[in-house]
Amino acid sequence: QMCIRDSMYTKAIFCLLLAINQFMLQSPEGYIELNIVKTFEGHRDFVRAVVLSQDNKFIVSGSDDLSIRFWDIESGQQTHVIQKAHKGYIIGLKLIQNDKYLLSHSVGNLVKVWNVESKQLETSFIIGDDIITANILTSDEKLLIVGTKQGKIFVYDLESGTQKFEFKDGQYAHMNQIQSLALTSDNKFLISVSEYDSIKIWDFGKQELISFFPTGHVYYVVISSDDKYFFTAGDKNIKVWNFNKKEWVHTFENSHTDIVTGLALTSDNKYLASVSYDKNLKLWDLSTRKVVQIKWEDHQSSIFSVLISKDNSYIVTSSADKTVKLWSLQIKEQKRPSTFLNSVIA
């Protein structure tokens, strides 16, 4: 309609470029479709945490309304709610042991473990003496690694709930709040990012710092499944780093118009999803270094988290608009050039 109403040359050129762009993204020889399948409504406040079951049958969400809610994907209905699951707003959820148990934590230092089938609390334990701001599990799900507001990194035995060790570079691991953690697939190296000061890489077995990158604001980190590259999210940009060479290799400039709050990779490391306070979900093709899908403000407020299902068929997002959205992801590929991640540093 804008093209019909406005006959100015600039608008005509804009419309032509937009049409070409849409054709390129959806040509029969290779295109990506990203569409909302379900919107889950029921929370009464911001939804900061969300997880998806391995079989893609249910979603669990945690909110500032202090509740944990279970959602059936096929029906789109809420199947259970745990009211007052924590005393503070819920910022972390993880499904463990083939989705038999749910790990949760809020703004505080209490971790709870729930039985997914019965929805009953199995156990809980205290982490250190500081507010938990990030967490990750080792691949065998035996150790829980947490980052805190003061910049500490603790490692806990999940079965006993006891502290194993703490990472330190001086007084603490970082000088500022830990925003995000990533672990290599063999559990040998840990990446930690801090809100204001740096990216650090640690030898997990020796608990020693091996690399340090002074940076500006960093809010999220994710590593590729082959452990070759990791990605960090800053104020508005996404950066790519070579893990083996411990160096920066590329920046997706102006990735978003506000803080990038979450990143997720497809299991084949070909696509990266990003979300932001700007309300947008973007999908990046890592071979071309270009965005291939943009979902403009389908959420009505800031998006806090994003994840991609293991089979790459779904994306899940949660938002300050109190909702969780399930997106279908369909990728039909043409013959692809050598991937960016394998060729950018030849």
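Chemist: An account of the overall build of the protein chain is requested, with residue identities and associated values reported.
Modeler: The number of helices and strands found in the protein chain is three helices and 29 strands. Evaluated residue by residue, the protein chain yields a buried proportion of 54% over its 346 residues. Residue pairs in contact within the protein chain that sit at least 24 positions apart in sequence constitute 43% of those at least 6 positions apart. Surface summary for the protein chain: the accessible area is close to 16500 Å², and the carbon and sulfur share equals 48%.

Chemist: Explain the pairing of strand β25 (residues 281-285) residue by residue, including any values.
Modeler: Most of β25 is tucked away, with five of its five residues classed as buried. Going residue by residue along β25, you find L281, L283 and D285 tucked away on one face and K282 and W284 tucked away on the opposite face as well. Sheet topology places strand β24 (residues 271-276) next to β25; five bridges connect them, and they run antiparallel. For Y271, the partnering residue across the bridge sits in β25 and is D285. Hairpin connection between β24 and β25: a loop of four residues separates the two successive antiparallel strands, and K279 in this loop has a positive phi of roughly 80 degrees. Taken together, the five bridges between β25 and strand β26 (residues 290-295) define a ladder with antiparallel strand orientation. In the sheet register, D285 faces β26, and the bridge partner there is K290. Where β25 folds back on β26, the antiparallel hairpin that results is connected by four residues, among which R289 adopts a positive phi of roughly 65 degrees.

Chemist: Got a sec to walk through the pattern of salt bridges? Specific residues and values, please.
Modeler: Applying the stated criterion across every chain, the model contains four salt bridges. Between D65 and R69 there is a salt bridge, with the nearest N and O atoms lying 3.7 Å from each other. The exposure class of D65 is buried, given its relative accessible area of 11%. Given the relative accessible area of 4%, R69 is considered buried. Between D129 and K152 there is a salt bridge; the shortest N-O distance is 2.9 Å. Of the two residues, D129 sits in the loop between β10 (121-126) and β11 (132-137) while K152 sits in the loop between β12 (143-148) and β13 (153-157), which places them 23 residues apart along the sequence.

Chemist: Lay out the environment of Q120 in plain terms, naming residues and giving numbers.
Modeler: Relative to the helices and strands, Q120 is located in the loop between β9 (110-115) and β10. Separated by 38 residues in sequence, Q120 and I82 place their C-alpha atoms 8.8 Å apart. Sequence-distant contacts of Q120, that is, excluding residues within four places in its chain, are made with V113, W114 and N115.

Chemist: Can you break down the sheet that holds β12 residue by residue, with the values?
Modeler: Within the open sheet, the four strands sit side by side as β11-β12-β13-β14. Their pairing is antiparallel. Each of the sheet's edge strands pairs with one partner strand only, and the pair in question is β11 and β14 (162-167). Sheet twist, expressed as the mean angle between neighbouring strand axes with direction ignored, is 25 degrees. Pairing of β12 with β13, which is carried by five bridges, proceeds in the antiparallel orientation. Within β13, the residue paired with G147 across the bridge is I153.

Chemist: Describe the sheet that holds β10, listing the residues and the values that go with them.
Modeler: Strands sit in the order β7-β8-β9-β10 across an open sheet of four strands; the sheet is antiparallel. Single-partner strands in this sheet number two, and they are β7 (90-96) and β10. Averaged over all pairs of adjacent strands, the angle between their axes in this sheet comes to 20 degrees, without regard to strand direction. Taken together, the six bridges between β7 and strand β8 (residues 101-106) define a ladder with antiparallel strand orientation. Across the sheet, residue L95 finds its bridge partner in β8, namely L102.

Chemist: Describe the pairing of strand β4 (residues 58-63), listing the residues and the values that go with them.
Modeler: Counting buried positions along β4 gives six out of six residues, so the element sits mostly inside the fold. Because side chains alternate across β4, one face comprises the buried residues F58, V60 and G62, and the other comprises I59, S61 and S63, equally buried. Summarising the sheet, strand β3 (residues 47-52) and β4 pair through five bridges and their orientation is antiparallel. When the bridges of β4 are listed, V50 appears paired with S61. Here β3 folds back onto β4 in antiparallel fashion, the turn holding five residues, of which N56 has a positive phi close to 60 degrees. Strand direction decides the pairing type here: β4 and strand β5 (residues 68-72), joined by five bridges, are antiparallel.

Chemist: I'd like a rundown of the packing of aromatic side chains, residues and numbers included.
Modeler: Aromatic ring pairs are defined here through the distance separating the ring centres and the angle between the ring planes. All told, the structure shown has 14 aromatic pairs when counted by the stated rule. Seen in terms of ring centroids, F46 and F304 are 5.6 Å apart; in terms of plane orientation they differ by 45 degrees. Their pairing is tilted. Of this pair, F46 sits in the loop between β2 (30-41) and β3 while F304 sits in strand β27 (residues 303-308), and the two are 258 residues apart along the sequence. Measuring from ring centre to ring centre gives 5.8 Å for F167 and F204, while their planes differ by 40 degrees; the resulting arrangement is tilted. Note that F167 is positioned in strand β14 and F204 in the loop between β17 (198-203) and β18 (208-214), a separation of 37 residues in sequence. Owing to a relative accessible area of 0%, F167 belongs among the buried residues under this scheme. On the accessibility criterion, F204 (7% relative accessible area) is buried. Grouped by ring-pair contacts, the aromatic residues F189, F213, F230, W241 and F243 constitute a single cluster. A cation over a ring is seen here: R48 above Y89, with NZ or CZ 4.6 Å from the ring centre. Across from the ring centre of F304, 4.7 Å away, lies the NZ or CZ of R48, which sits over that ring.

The rules behind the values
- Residues numbered from 1 in each chain as written.
- Predicted model: local features only at pLDDT ≥ 70, side-chain atom pairs only at ≥ 80, totals over all residues.
- Heavy atoms only, no water.
- Helix = DSSP H or I, 4+ residues; strand = E, 2+ residues; numbered from the N terminus.
- Buried < 20%, exposed > 50% of the residue type's maximum accessible area, 1.4 Å probe, protein only.
- Contact = heavy atoms within 4.5 Å.
- Areas by Shrake-Rupley, 256 points an atom, 1.4 Å probe, with all protein chains shown as cover.
- Pairing = 2+ DSSP bridges.
- Salt bridge = Lys/Arg side-chain N within 4 Å of Asp/Glu carboxyl O.
- Axes fitted to C-alpha atoms, helices over the stretch in contact; angles between N-to-C directions.
- Phe/Tyr/Trp six-rings, centres within 6.5 Å; stacked < 30°, edge-to-face > 60°.
- Lys NZ or Arg CZ within 6 Å of the ring centre and 35° of its normal.

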